[in-house]
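Now for the letters of each chain:
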Amino acid sequence: MSRSMLRILVTVGLLIVGVVVGLIFQNVWLGVLLAAIVWLGWFLGYESRRGNNAGVNDEDHGIEL
């Protein structure tokens, strides 16, 4: 599976989960917002790991996710 396909599948999956959570809370926009926040954290971590920049307290680059 290519990286682009993985990103698309995770994005769509989180959007669907966000809508379901929003329906449970009776506010779809809240669910979409929560899904966007979770997706942003996942995306930053995924790209950081892919670029071999994962870790905390890297003295050359400061704090990283």
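Preceding block: the structure.
Residues numbered from 1 in each chain as written. Predicted model: local features only at pLDDT ≥ 70, side-chain atom pairs only at ≥ 80, totals over all residues. Heavy atoms only, no water.

Participant: Hey, could you run me through the overall build of the chain in this one?
Facilitator: When helices and strands are counted, the chain shows two helices and zero strands. Every one of the 65 residues in the chain was classed for burial, and the buried ones make up 12%. The long-range fraction of contacts in the chain, counting pairs at least 24 apart against all pairs at least 6 apart in sequence, stands at 35%. As presented, the chain carries roughly 5,200 Å² of accessible surface, and 67% of it is formed by carbon and sulfur atoms. (Helix = DSSP H or I, 4+ residues; strand = E, 2+ residues; numbered from the N terminus. Buried < 20%, exposed > 50% of the residue type's maximum accessible area, 1.4 Å probe, protein only. Contact = heavy atoms within 4.5 Å. Areas by Shrake-Rupley, 256 points an atom, 1.4 Å probe, with all protein chains shown as cover.)

Participant: Whenever I open this one, unusual backbone geometry confuses me. Can you help?
Facilitator: Excluding glycine, residues mostly have negative phi values, and the peptide bonds linking residues are mostly trans. Despite not being glycine, Q26 has its phi angle at roughly 60°, a positive value. Take Q26: it is sitting in the loop between α1 (3-24) and α2 (28-50). The exposure class assigned to Q26 is exposed, which follows from its relative accessible area of 74%.

Participant: What should I look at first to understand the packing of aromatic side chains in this one?
Facilitator: Using the criterion set out here, one finds one aromatic pair in the structure. With centroids separated by 5.0 Å and ring planes inclined at 15°, the aromatic side chains of W39 and F43 adopt a geometry described as stacked. Here W39 and its partner F43 are both found in helix α2, four residues apart, which amounts to about one turn of the helix. Exposure remark for F43: the relative accessible area of 24% places this residue in the partly exposed category. (Phe/Tyr/Trp six-rings, centres within 6.5 Å; stacked < 30°, edge-to-face > 60°.)

Participant: Help me understand the environment of L15, please; the structure alone is not making it clear to me.
Facilitator: Topologically, L15 is positioned in helix α1. The class for L15 is partly exposed, based on a relative accessible area of 45%. Taking the C-alpha atoms as reference points, L15 and V38, separated by 23 residues in sequence, lie 10.0 Å from one another. Contacts of L15, omitting those with residues within four sequence positions, involve V32 and A35.

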